[in-house]
There are 8 protein chains.
Amino acid sequence: MDFQPNLEQTLRDLQAGHLSVEDALEQINGVKELGYAAIDTDRQRRNGFPEVIFGEGKTVEQMEGIMQFLLQKELPILATRVSLQKGEALSQLFPNGHYYPEARCFVLNSKKEEVDAEHYIAVVTAGTSDVPVAEEAAVTAETFGHAVHRIYDVGVAGIHRLFRRLDEIQKASVVIVIAGMEGALVSVVGGLVDVPVIAVPTSIGYGSNLQGLTTLMSMLTSCASGVTVVNIDNGFGAAYSACMINRLNHNRKENE
Amino acid sequence: MDFQPNLEQTLRDLQAGHLSVEDALEQINGVKELGYAAIDTDRQRRNGFPEVIFGEGKTVEQMEGIMQFLLQKELPILATRVSLQKGEALSQLFPNGHYYPEARCFVLNSKKEEVDAEHYIAVVTAGTSDVPVAEEAAVTAETFGHAVHRIYDVGVAGIHRLFRRLDEIQKASVVIVIAGMEGALVSVVGGLVDVPVIAVPTSIGYGSNLQGLTTLMSMLTSCASGVTVVNIDNGFGAAYSACMINRLNHNRKENE
Amino acid sequence: MDFQPNLEQTLRDLQAGHLSVEDALEQINGVKELGYAAIDTDRQRRNGFPEVIFGEGKTVEQMEGIMQFLLQKELPILATRVSLQKGEALSQLFPNGHYYPEARCFVLNSKKEEVDAEHYIAVVTAGTSDVPVAEEAAVTAETFGHAVHRIYDVGVAGIHRLFRRLDEIQKASVVIVIAGMEGALVSVVGGLVDVPVIAVPTSIGYGSNLQGLTTLMSMLTSCASGVTVVNIDNGFGAAYSACMINRLNHNRKENE
Amino acid sequence: MDFQPNLEQTLRDLQAGHLSVEDALEQINGVKELGYAAIDTDRQRRNGFPEVIFGEGKTVEQMEGIMQFLLQKELPILATRVSLQKGEALSQLFPNGHYYPEARCFVLNSKKEEVDAEHYIAVVTAGTSDVPVAEEAAVTAETFGHAVHRIYDVGVAGIHRLFRRLDEIQKASVVIVIAGMEGALVSVVGGLVDVPVIAVPTSIGYGSNLQGLTTLMSMLTSCASGVTVVNIDNGFGAAYSACMINRLNHNRKENE
Amino acid sequence: MDFQPNLEQTLRDLQAGHLSVEDALEQINGVKELGYAAIDTDRQRRNGFPEVIFGEGKTVEQMEGIMQFLLQKELPILATRVSLQKGEALSQLFPNGHYYPEARCFVLNSKKEEVDAEHYIAVVTAGTSDVPVAEEAAVTAETFGHAVHRIYDVGVAGIHRLFRRLDEIQKASVVIVIAGMEGALVSVVGGLVDVPVIAVPTSIGYGSNLQGLTTLMSMLTSCASGVTVVNIDNGFGAAYSACMINRLNHNRKENE
Amino acid sequence: MDFQPNLEQTLRDLQAGHLSVEDALEQINGVKELGYAAIDTDRQRRNGFPEVIFGEGKTVEQMEGIMQFLLQKELPILATRVSLQKGEALSQLFPNGHYYPEARCFVLNSKKEEVDAEHYIAVVTAGTSDVPVAEEAAVTAETFGHAVHRIYDVGVAGIHRLFRRLDEIQKASVVIVIAGMEGALVSVVGGLVDVPVIAVPTSIGYGSNLQGLTTLMSMLTSCASGVTVVNIDNGFGAAYSACMINRLNHNRKENE
Amino acid sequence: MDFQPNLEQTLRDLQAGHLSVEDALEQINGVKELGYAAIDTDRQRRNGFPEVIFGEGKTVEQMEGIMQFLLQKELPILATRVSLQKGEALSQLFPNGHYYPEARCFVLNSKKEEVDAEHYIAVVTAGTSDVPVAEEAAVTAETFGHAVHRIYDVGVAGIHRLFRRLDEIQKASVVIVIAGMEGALVSVVGGLVDVPVIAVPTSIGYGSNLQGLTTLMSMLTSCASGVTVVNIDNGFGAAYSACMINRLNHNRKENE
Amino acid sequence: MDFQPNLEQTLRDLQAGHLSVEDALEQINGVKELGYAAIDTDRQRRNGFPEVIFGEGKTVEQMEGIMQFLLQKELPILATRVSLQKGEALSQLFPNGHYYPEARCFVLNSKKEEVDAEHYIAVVTAGTSDVPVAEEAAVTAETFGHAVHRIYDVGVAGIHRLFRRLDEIQKASVVIVIAGMEGALVSVVGGLVDVPVIAVPTSIGYGSNLQGLTTLMSMLTSCASGVTVVNIDNGFGAAYSACMINRLNHNRKENE
């Protein structure tokens, strides 16, 4: 395995004076130590996505520090699980950034304008209560430059609402289905499309819903094939995988 | 509460020589002691249904004894969870009886011929694996004189199969939906009918299905209203409640 | 399946100027889009009940909007899980409405006065702590025009309290039994009546009660037949099914 | 704490030649080492009951060895969870012993004849399936010299069967209630007696019964006071505690 | 079953003018309806203990009302799970009462002075965190006239602390062992005494303790015989059963 | 929604005598009724994959019947969960078919020869015990015409084994990681690739593994992004989704 | 067993006037009764570590009392789970003490200066969220005189960060690995070192993480040998065992 | 990290003709591919222990192949979870080997004779049912050259049996405690020794024991410090960690 693929280039850059010793060290190690965090600077090369900031439990100061570092890389910056209060503080520190209150995300350097509208991700919810999780997914995908179609509140209790928008779902590259309670929408959609379906259980429901655990288990045992599942309320994770899938279409275009 | 509603009549019958002391005692107590079982002889009056024999763990001899006693009452006799081997033994002992191998039920004095075809119970399954539980439900209902429509293998993975038979489901007095895995069919049907839906989870599936527990929990947290649930694989219980509901229509007729 | 059963009539109404294009569209789609909600306007036809508002997580403004729309339909309007604060706000916005604090329901256009007193639903609780769930059930049923008998605090720890009121329970069309802890009342009642019993587990108890999960499981494995179960604390769901059952008697009357 | 209360006496007996060195060692240590088992010879003094043999996983030879040793002590000998095959082998080895197939117990030196009939233990079951566990309890109690009244198949689905025998239950010193499924009988009995009730959940039921776990949890959260619980199917344990309680009455007699 | 054992006496008292019609009705029904509660007035006769007030979820006014009624009966009055604030309010309303803050109990007409010091209940805890549950047990037992020995903080991590007080434990009529975490103290004590042991799991511990569920399960599967278990943190329930057991000794005395 | 997209064509074919009425009916309904199964004949059009036969619980005769029908369609035929005994029987009935004993799959009309070797699916296992699940995945993918690289027994206990083959994993279109026990391999691989990772938990392990439930939960809460999960031991499901993803590359080629 | 190993010395000290009767009693009993706590004064002799104060649920006054007593013994004093507020109060009462806010520990008489730097404990975390638990472990070990190397934020999502510091981990006497989510780091480290690994699951993660339960189960079923596990978030317990292990090296030195 | 620490030496050996190319490749890769297994040949260097064969699910032929390879290394060879039948087959193939039926282990090249008797591991069980797990631990440790003291059947139900052998336990380098049911022995031993305690829960018990899960959870929440836990029935894992700990003493000796 090649942990330091550009070692020679880094050393040449150092010799040529294009890099400080600190920066060379960081490139070789693939880690930027900030004390409170060890940023994985090799991620974009390895995973095709830059480091994403999980905002829960981080102070505004810590997020600011990480963002300042990432800003130098000219990559899109995404912080998830950012409370309204922290989001407003970040908006003041980074006037170019944007805070999405429903998605609880803060974004800088979004690639939203570069989307390939033809190859889009469908984000589908069963109810209105699932929308915050859906928005986390949608904002994540848009930040990384993917087109998103939002198809909300089409749960099976009134299944004609789903059929009205089925064409739009069927033409997506990949479908994210977000539902709470028994999660039946996943199986219905899974039986009607020919692209991968990523299911996100939400913690909507009560009693036997068990904070989303029933929904999770239910989706995993779905009668429809072609469905994979992420953790409860994990809109970000679903979008991340969906982008990886949709990128195959992007790449195609670029290669042509 | 009146535990012995016909006490005077019983005593008069005894005095008149129409009853033995043993039978009088049994009527007053509402219990027939067979040693290995204490038959609740008051059930038909109290619950509107005679005692049903749960065959699991009972020997052929024990079932025979109970049936011999019940035969005197001229009520329909139903034994559930009867294995093939025991069913064949009972068929020899009671040539007028009938054993249903898929439903694992043995029936005597069925009221099947007396059904009111207009007011029927729809028994709907998601897959073929759910059919044994469905047959337990169907045979139970038919034994007690209720019409049944079987609508099998219409799960949501190919939802057009359900729509093809929706009219038949919508015209039932009550709908029993039987499904394993994520049980999504319950919510879809629940959103499309205006009569009570009784959901039966089956232990079909594996891994996160947890022997039907996921299906059970999923059905309880269904997004559709008008759904109530019985225990895993409990086709008999669902039919029993469905008959109670459907009987309201029967009664109506009789009263008119 | 006929998703648009009155399409021709709608088109004729439009042509005749009796409908605006917006209203025609809404009738054909069966959906009223409010942005924050997609109201299922086809429900009354399909399920026999209008859309009910689940108040938890909705703002007063959102509920007001939905109610304004529903008011045009002259159907009973029910919002459940409405907090005291929101209930009072709604009472000011809709002076003809009524807020039930114990049931946490807000009601407009109640059909309470139209009840058929002869065919009633018995709502039975084991203890006083179960009363809020019972009131949610009772108010729901009354709003949709069904008679309710409240029989509270008759749990099996002092079983003579149950027997004192047994006649009233036995004469109901359908019985809702609401209990926490071990839920034994369900089995006792189930053994004494000849109508369907709908059991509602409540999250009353502690330790091994597991927030109602033990009660739920216990009720599902009840030794009495004729019992079906709904989710923990789901008084609304039990009443909804009970109304569907009791309506069979109403219909009978109307047909005669 | 006095671990060796009769040390001096043991040493005197050794000196006087009444004891071998091996026996003296065993008395001082309170342990008889058999290689495959370390018999606790001090139990009768400490707990008031001799060592009981848990037959599951022990060979006939091992049980024989332990019994041979215990026979010298002139104490009642009880082996529980003994399969039919092993029970018959033991019957041949110990012609004075008795094997109870339903209880799956083998007994030697039973004190059954010494019972105080006035102070009895009531062993109550909900159904016939609970009888094996009940018999384990009954045989255990009888072996240690306690009177037992068996009151079987009086579950709440036909509650009049319970009331018919309530007097007998109320006059017991202590009541053991054995039930599967939802275990409702425990709460009903607990509300009707003024003596301790020991509840034994059985693994009877299916699906949501969870191999007796639901019954166990349900009994622990019983609405009746005065109820304590033992492990699933643990008839022996319930009887052991019941004997300790009933002995208080025995002692009383002896002291008078 | 005799639900109204003193019916004739009640009627004679009514005729003689010793009873009002209301009081006669209450005696015959065995229920005092207060609107917010249906007091079981037959409990002392049936169970040997008066109704106990579960304070959680009741207002001071409701508790006051119930206590006013019970005061007429000259029975000990116990309210459990009473918060400090409510306890102080009750102390002002009933100056003869006493509030125990650690036990969270309010007591009136205690029989504490009538105890039989010779026959006592040992209340044993593993740690100091278990003391509140232990005090609930101790105050309950004392209120009903039973002697209690408190033996606190003798858990097995320093087992010599237990041995120092073992004699006192061994001489009790019945032992209540209260422990959190793994609950090992129950098995150690169970192996050293010849009287019934009632185990109370507490919700002390974290992580794998699962809010007391691990302790509960652990105690149920104890290797020591003679142990029965009550619900998590249920000091009251343990004391209630312990009093029933200890009373056998009391009765003995009275009978002699 | 268009449930019958080729209705006109079907009718024209019927008129022209190219179709029997039975076949026309089947095309219009999208269902072939075999009695014991209702084959979804519309699946290839809707989902891009033909119906797959779940062999568990089906007889050889039933599988033969379904396969005979599918053979007419010239689509690849896959039966999963086929036991050795049934596999051999099918091999005799269909000499052109192939049975894979480790994968427990039977295949007819495989598209294995048509694979696009450049765009492959990597199937990675942690241990040798995971191989049967991996083979189910590999055979599924190959049957539908996708190239597969098998990289087995590279679990993290000897992590150098993984690094030796990392390049091969990184160049795949999509990676399926199959592991039991703690499933750590998923997170390690997820952190090293830039394509979607589908994780399959296996029921390998014991005790706290809980039949794969721990592995499932562990994979869902993986610290690596880009991971989605399918049900325990569900190699087929993982391959199905992987094929949908890999097909995007296929399509690309075809479009170019 | 020798519960009072120095009894003679204690008595001689008493006789010689070197001890008060109270202190002699305490030495003989091995318990110091403070009313609210029974300090185990024999622990250092028995376990090699003094009593540690679990701060949760103790008041500042109680902790002060225990510390005053322990100060006389000249042993290191450690209180864990001490909130910031209580920590500051203790800092004022004991100016020589030190409060560690992240570790939530208060320490007096630390042996930190006496460490043997050569034989150290490696404390390794997967993420920054695990640091508080890691600091509890590190402070505990340092207080008892052990050297600690902190290696934080080296989780497997960016596994090169681990390899950069692997030498340091491999040279430790014992390794504590602290991780949340799926806990994969434990297995990776376990496969790369030849010393004992103690795993601490943390409650970091959401949904299927189940408050650390998934991590706990996952670590227990790790594919790497040489791993043992402590309770969720139990940094103290891990350090305590690690010190016992590392001390074997200390002892070695001292013995040489 | 240095994955190939002896690369130069390997290459020199190859050049000198001391190694075949195959062996050189194997040394450089650290993996011996056998087709059905990828033996980690670098383990002894990395972990200090050779690869151990997990026998469950492996054929005799597979085990023979792996052993033939390992024999060349002159390291001790241990196969665990080997059934009696397979053990006898291996005994015939490797006459120098030894099969331990109770431990279900097969051993070759045991280092049993090289043990350092002074520094031993105490293997302690609560009951006789725990002995098979204990023997797996004991045989593992002896195979790797560690002395073992077996102290069996000393559970807390007769705690004097433990005290009789406490000295022997206290003098061990490390203690393995093996128990089923509630696992109380772990806490008692943990409170009495000053060396690390490794707890092994066994699946002994029934009902609430939950196949060892209760024991596992109970041990993790033990009130004694210095206890770490391994998976249910994992005697091998406990011994492996214990050997790592005990080796610190060995090393000491060797260094001296």
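Residues numbered from 1 in each chain as written. Chains lettered and ligands numbered in written order. Predicted model: local features only at pLDDT ≥ 70, side-chain atom pairs only at ≥ 80, totals over all residues. Heavy atoms only, no water.

Looking at an unreviewed UniProt entry, chain A carries the name 1-(5-phosphoribosyl)-5-amino-4-imidazole-carboxylate carboxylase, with the source organism given as Streptococcus lactarius.

(A) Representation of the overall build of chain A in the model. The secondary structure content of chain A amounts to 11 helices and 11 strands. Counting every position in chain A, which comprises 256 residues, the buried fraction comes to 61%. Per element, the accessible surface of chain A, about 9500 Å² overall, is 47% carbon and sulfur. Side-chain charges in chain A split into 20 positive and 32 negative, and the spacing between the mean points of these groups amounts to 3 Å. (Helix = DSSP H or I, 4+ residues; strand = E, 2+ residues; numbered from the N terminus. Buried < 20%, exposed > 50% of the residue type's maximum accessible area, 1.4 Å probe, protein only. Areas by Shrake-Rupley, 256 points an atom, 1.4 Å probe, with all protein chains shown as cover. Lys, Arg positive; Asp, Glu negative; His and termini not counted. Charge placed at Lys NZ, Arg CZ, Asp CG, Glu CD.)

(B) Representation of the domain arrangement of chain A within the structure. Partitioning chain A into structural domains gives domain 1 (1-33), domain 2 (40-110) and domain 3 (114-255). One C-alpha centre belongs to domain 1 of chain A, the other to domain 3 of chain A, and the line joining them spans 40 Å. (Domains from an automatic or database assignment.)

(C) Structural detail: the pairing of strand β6 (residues 105-108) of chain C. All names here are of chain C. Burial along β6 is two-sided: Cys-105 and Val-107 facing one way and Phe-106 and Leu-108 facing the other are all buried. Taken together, the three bridges between strand β4 (residues 77-80) and β6 define a ladder with antiparallel strand orientation. When the bridges of β6 are listed, Ile-77 appears paired with Leu-108. Strand direction decides the pairing type here: strand β5 (residues 98-100) and β6, joined by three bridges, are antiparallel. Across the sheet, the residue bridging to His-98 is Val-107, located in β6. Where β5 folds back onto β6 in an antiparallel hairpin, the turn is made up of four residues, including Arg-104, whose phi is positive at roughly 55 degrees. (Pairing = 2+ DSSP bridges.)

(D) Region of the structure containing the relation of the copies chain F and chain A. For the pair chain F and chain A, the superposition axis carries a translation of 0.0 Å, the fit reaches an RMSD of 0.1 Å, and the rotation angle comes to 180 degrees. Expressed as an axis order, the relation between the two copies is that of a two-fold axis. Among all residues of chain F, the minimum C-alpha distance to the rotation axis is found for Val229(F), at 2.5 Å. Most of the interface of chain F is mirrored in chain A, where 100% of its interface residues are also at the interface. (Least-squares fit on C-alpha atoms with pLDDT ≥ 70 in both. Contact = heavy atoms within 4.5 Å.)

(E) Main features of helix α4 (residues 60-71) of chain E. If you check α4(E), its first and last C-alpha atoms are 16 Å apart, about what 12 residues at 1.5 Å a residue would give, namely 16 Å. Residues Val60(E), Met63(E), Ile66(E), Met67(E), Phe69(E) and Leu70(E) constitute the buried set of α4(E). (Expected span 1.5 Å × (residues − 1).)

(F) Structural context of the sheet that holds strand β3 (residues 53-54) of chain G. Residues and elements named next belong to chain G. Spatially, the four strands line up as an open sheet ordered β3-β4-β6-β5, and their pairing is mixed. Single-partner strands in this sheet number two, and they are β3 and β5 (98-100). Against the sheet, helix α4 (residues 60-71) makes contact with β3, β4 (77-80) and β6 (105-108), and its axis sits at roughly 160 degrees relative to β4, the strand it touches most. (Axes fitted to C-alpha atoms, helices over the stretch in contact; angles between N-to-C directions.)

(G) Structural detail: the pattern of salt bridges. Per the stated rule, a full pass over the model turns up 81 salt bridges over all chains. Its salt-bridge partner being Lys112(F), residue Glu142(F) comes within 3.7 Å of it at the nearest N-O pair. Pair noted here: Glu142(F) is in helix α6 (residues 131-143) and Lys112(F) is in the loop between β6 (105-108) and β7 (120-125), with a separation of 30 residues, a long-range link. Looking at Glu142(F), the relative accessible area reads 9%, which means it is buried. Residue Arg165(H) is joined to Glu168(H) by a salt bridge in which the shortest nitrogen-to-oxygen separation is 3.3 Å. On the accessibility criterion, Arg165(H) (22% relative accessible area) is partly exposed. Looking at Glu168(H), the relative accessible area reads 24%, which means it is partly exposed. What you see here is one network of salt bridges that share partners, running through Asp40(A), Asp42(A), Arg45(A) and Arg46(A). (Salt bridge = Lys/Arg side-chain N within 4 Å of Asp/Glu carboxyl O.)

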